[in-house]
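Chain residues, written in single-letter form:
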Amino acid sequence: MAKLGKGVTVEQVKHGSHHLRGGIATSLAAADAGFAPGDQALIKFHGLYEGYDRDSATALKQRGEDKAHQFMARVRIPGGRLTAAQYLELDRLADLYGNATLRITTRQAIQFHGVLKIELKELLAGIDSVLLTTLAACGDVVRNVTTTPAPIADGVHRRLAEDARRLSSHFLPRTGAYREIWLDGEPVAAGPADGEEEPLYGANYLPRKFKIGLATPDDNSIDVLTNDLGIIALFEGGQLTGYNLALGGGLGMTHNKPKTYPRLATPIVFVGADGLIAAADAVVRLQRDHGDRADRKHARLKYLVDDKGPAWIKAQLESYLGHALEPARPMPRFRIVDHLGIHDQGDGKCYLGIPVPSGRVADSAAAQLRAGLNAVIRHYAPSIVLTPWQDIILADLDRDAAVAVEAALHARGVRLAGDMTPVERWSLACPALPTCGLALTEAERVRQPLMEQIADALAEAGIPDELLSVRITGCPNGCARPYAGDIGIVGRMPGFYALYVGGDFAGTRMNSQLLDKVAMGEIAVTLAPLFRLFAAERIAEEGFGDFCHRVGLNRLRDEVAAARPAAVAV
Ligand code: SRM
Ligand code: SF4
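Residues numbered from 1 in each chain as written. Chains lettered and ligands numbered in written order. Predicted model: local features only at pLDDT ≥ 70, side-chain atom pairs only at ≥ 80, totals over all residues. Heavy atoms only, no water.

### A short note on the overall build of the chain
From N to C terminus, the chain includes 18 helices and 22 strands. A globule of 570 residues ought to have a C-alpha radius of gyration of about 25 Å, and the chain, at 23 Å, matches this closely. Classification of the 570 residues of the chain by burial places 57% in the buried group. Contacts in the chain between residues at least 24 apart in sequence constitute 67% of all its contacts with a sequence separation of at least 6. Of the roughly 22,000 Å² that the chain leaves accessible, carbon and sulfur atoms contribute 53%. Side-chain charges of the chain comprise 63 positive and 67 negative groups, with the mean position of each set lying 5 Å from the other. (Helix = DSSP H or I, 4+ residues; strand = E, 2+ residues; numbered from the N terminus. Rg over C-alpha atoms; globule rule 2.2 N^0.38 Å. Buried < 20%, exposed > 50% of the residue type's maximum accessible area, 1.4 Å probe, protein only. Contact = heavy atoms within 4.5 Å. Areas by Shrake-Rupley, 256 points an atom, 1.4 Å probe, with all protein chains shown as cover. Lys, Arg positive; Asp, Glu negative; His and termini not counted. Charge placed at Lys NZ, Arg CZ, Asp CG, Glu CD.)

Below you can see the structure in the form of structure tokens.
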């Protein structure tokens, strides 16, 4: 059980917190740069992480000074849907209280980095002023619900977006703590207001974070099977027939701790079109009641699914719901849709997908992406969708306007989808250093040069336009879903990465570890012989991940060893 100083556990902190109040208000009023340890755990439920700038930490320590404490704030944005006014307000707040960037996350949310403790209240008030919240963006609760980003004006896509909103609202904590602490609601000195209840979460909330994603087999952009609860909506002739519920996805693991592992969700039951909320609620109650509260490293639903087995899970869900459930129905093959560039919405309007490298909406000397987006969003007031590939979609545009937006962004040096190699546009990176306290290596800051090296290796193998997904993270927690892509590059120790291959582009098979500790400078050259082998021996339309899976790790390792004996460190 994780301890928070003086033997106190997260479970105890939650239990004694009076529905997430704890000592946050007192800690907030104190002059210190941070919160007390128990309150650091609690503010996560309010969407806030306390950390410090890791770039400056060593130098500050050498000078005998304290670290530069700062906070990350995550906004909960179901399905990544925002209005133009909401986006513009978040953008304004990033200048006032953040580090002048917005970070689009792999779960369609937005993060602020570099916020000081004294700025938190103003930031959260600003977010609230446009009817957004950071409540339950983090913590042991149901997190931001993801769904297919395409803003297509048909019944399928409207239903997905609506379901994501309904699920998100249903699972929001009911506590008044957020309003009370951050938005100057009526304070309740001794605990929750009379009658305040958490009917679902109770006093202890969930054993661990809980993620829900909703997709169709036709568009698995969200990697639905990486969620604790992956919901696959099934349509026939545009009519919703119901949902397959896949349970037990999750990617977090710890190097050299085989009891922790990434896992894709198992489709277990099917529920009819009207049964979604009740069934999802039953899954969350199942995890609330049976998830492991003694060991946070074994607390995700995936371990319960493996420990008890799908038959037990199904029987439990039936008993929560009080009726029998149909087994999951067969599903078509999953596909991933390209949302970048200009697309018809089906209602006479267009949407334009704009790549955001590593999700970082920022300005640089070379490209004014943030200023450019601000200008075109101000001018055209499009609807906005944040994608699970860390990109942004501007929707409800006339075609002429979409073309004009592209030109305006180009004029500011922004690279659009057509300006990128496929490997670059289909890459993901987590923030890692300097903001993430868990990072072992760089990720976001090395993504661009690394993708260029991998693109060169593909070009040398004669396959420059090959579609493959490459995901890099600064540690094994899996925030950029590295185990669900063709190639996963996972921070191992400073400067070194574990290399994973053999997943598939559609996110239906996990990759496996090819090599354990590869130096950053050796990653592309290590992949190069595999690209050559793939180009020579692939079958028909086989993807790189599928090829690696077919030929097996031993053959791939032999190939690397023959070409690059020195590439692999011990
Ligand atoms: Fe994550 C923890 C960033 C998606 C698995 N994740 C963190 C923290 C909060 C670090 C921490 O706990 O101190 C990172 C903040 C870094 C920073 O500097 O901002 C962080 N995770 C992110 C984001 C921003 C990555 C990104 O590139 O966009 C994503 C925010 C999503 C959101 O909007 O809610 C993000 N994290 C994910 C995903 C992918 C997904 O959900 O689709 C995963 C893998 C799926 C899963 O949950 O298993 C993921 N994050 C983790 C884990 C491992 C959980 C586990 O079961 O072991 C941690 C560590 C933990 O919870 O103990 C973690
Ligand atoms: Fe931090 Fe690791 Fe997640 Fe990257 S994968 S953001 S390094 S926790």
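Now that the structure has been shown, the text picks up again.
### Here's the deal with the coordination of the iron atom of ligand 1
For the iron atom of ligand 1, the sole protein-derived donor is Cys479 (SG), lying 2.3 Å away. Here Cys479 shows up in the loop between β18 (470-473) and β19 (487-493). (Donors = N, O, S within 2.8 Å, 3.2 Å for Na, K, Ca; no water.)

### Comments concerning the packing of aromatic side chains
Scanning the entire structure with this criterion turns up 11 aromatic pairs. Taken together, a centroid distance of 5.6 Å and an interplanar angle of 85° make the contact between Phe35 and Phe71 edge-to-face. With Phe35 in the loop between α2 (24-29) and α3 (37-43) and Phe71 in strand β2 (residues 69-75), the pair connects residues that are 36 residues apart, well separated along the chain. Owing to a relative accessible area of 5%, Phe35 belongs among the buried residues under this scheme. Ring geometry for Tyr201 against Tyr205: centres 5.6 Å apart, planes inclined by 25°, an arrangement best described as stacked. For Tyr205, a relative accessible area of 0% corresponds to the buried category. Put simply, the rings of Phe531, Phe534, Phe544 and Phe547 pair up and form one aromatic cluster. Cation over ring: Arg329 sits above Phe270, and NZ or CZ is 3.7 Å from the ring centre. (Phe/Tyr/Trp six-rings, centres within 6.5 Å; stacked < 30°, edge-to-face > 60°. Lys NZ or Arg CZ within 6 Å of the ring centre and 35° of its normal.)

### A word on the pattern of salt bridges
Applying the stated rule across the entire model yields 36 salt bridges. Put simply, Asp128 and Arg179 hold a salt bridge, and the shortest N to O gap is 3.0 Å. One end of the pair, Asp128, is in helix α6 (residues 120-129); the other, Arg179, is in helix α8 (residues 177-182), with 51 residues separating them in the sequence. When its relative accessible area of 22% is taken as the criterion, Asp128 is described as partly exposed. Relative accessible area serves as the criterion here: at 45%, Arg179 is assigned to the partly exposed category. Residues participating in the shared-partner salt-bridge network are Glu11, Lys14, Asp140, Arg293 and Arg296. (Salt bridge = Lys/Arg side-chain N within 4 Å of Asp/Glu carboxyl O.)

### As for the site of ligand 1
Taken together, 28 residues are adjacent to ligand 1, and Thr105, Leu251, Thr435, Cys479 and Arg481 come closest. Residue Arg74 places a side-chain N or O atom 3.3 Å away from an oxygen atom belonging to ligand 1. Backbone polar atom of Ala429 to an oxygen atom of ligand 1: 3.4 Å apart, as the coordinates give it. Counting residues per element, the ones that place at least two in the shell around ligand 1 are β2 and β5 (110-115). For the shell around ligand 1, a count of residues per class yields 10 nonpolar, 10 polar and 8 charged. (Near = heavy atom within 4 Å. Polar contact = N/O pair within 3.5 Å; in protein donor to acceptor, adjacent residues only side chain to side chain. Nonpolar A, V, L, I, M, F, W, Y, C, P; charged D, E, K, R; others polar.)

### Details of the nonpolar core
Membership of the largest hydrophobic core comes to 99 residues, with the highest contact counts inside it found for Phe112, Trp182, Leu245 and Leu247. No other element matches helix α9 (residues 276-290), which puts 8 residues into this core. Counting residues in each nonpolar core, the second largest holds 59 residues, with Phe270, Ile472, Ile489 and Phe534 among its members. (Core = buried A, V, L, I, M, F, W, Y, C linked by side-chain atoms within 4.5 Å.)

### Notes on the site of ligand 2
Neighbouring residues of ligand 2: Cys430, Pro431, Ala432, Cys436, Leu438, Ala439, Thr473, Gly474, Cys475, Asn477, Gly478 and Cys479. Within the shell around ligand 2, the residues separate by chemical class into 8 nonpolar, 4 polar and no charged.

### A word on the environment of Ala25
Topologically, Ala25 is positioned in helix α2. Residue Ala25 is classed as partly exposed on the basis of its relative accessible area of 46%. Separated by 335 residues in the primary sequence, Ala25 and Arg360 have C-alpha atoms spaced 31 Å apart.

### Points about the sheet that holds strand β9 (residues 239-247)
The mixed open sheet is built from 6 strands, whose spatial order is β6-β7-β8-β9-β10-β11. Bordering the open sheet on either side are β6 (146-147) and β11 (326-327), each of which pairs with just one other strand. Pairing of strand β8 (residues 229-236) with β9, which is carried by 8 bridges, proceeds in the antiparallel orientation. Among the inter-strand pairings, Phe235 is bridged to a residue of β9, identified as Leu240. (Pairing = 2+ DSSP bridges.)

### Comments concerning the sheet that holds strand β13 (residues 350-354)
Strands in a sheet are paired, the pairing made by backbone hydrogen bonds, and the direction either parallel or antiparallel. What the 5 strands build is an open sheet, ordered β3-β15-β16-β13-β12; its pairing is antiparallel. Looking along the sheet, the strands with just one partner apiece sit at the ends: β3 (81-82) and β12 (341-344). Pairing analysis gives 4 bridges linking β13 to strand β16 (residues 392-397), with the strands arranged antiparallel. Counted as the bridge partner of Cys350 is Leu397 from β16. Taken strand by strand, helix α13 (residues 399-411) contacts β12, β13 and β16, and its axis lies near 20° from that of β13. (Axes fitted to C-alpha atoms, helices over the stretch in contact; angles between N-to-C directions.)

### Things to note about the packing of helix α16 (residues 523-537) against helix α18 (residues 553-563)
Across the interface, α16 lies against α18 with an axial gap of 9 Å and an inter-helix angle of 120°. The angle between the axes of α16 and α18 places the two elements in the oblique class. Crossing handedness for the pair α16 and α18: right-handed. Contact residues: Thr526, Pro529, Leu530, Arg532, Leu533 and Glu537 in α16; Arg555, Leu556, Glu559, Val560 and Ala563 in α18. Broken down by class, the residue content of the contact of α16 with α18 amounts to 6 nonpolar, 1 polar and 4 charged. (Parallel < 35°, antiparallel > 145°, perpendicular 65-115°, else oblique. Left-handed = near helix turned anticlockwise from the far one by under 90°.)

### Description of the packing of α9 against helix α11 (residues 310-321)
Two numbers describe how α9 lies on α11: the axes approach to 9 Å, and their chain directions differ by 115°. Judged by the inter-axis angle, α9 sits roughly perpendicular to α11. Along this stretch, α9 crosses α11, giving a crossing that reads as right-handed. Contacts from Ala278, Ala279, Ala282, Val283, Arg285, Leu286, Asp289 and His290 of α9 reach α11 at Trp312, Ile313, Gln316, Leu317, Tyr320 and Leu321.

### Considerations on the environment of Val518
Take Val518: it is sitting in strand β21 (residues 512-519). Sequence separation between Val518 and Arg174 is 344 residues, and the spatial gap between their C-alpha atoms is 47 Å.

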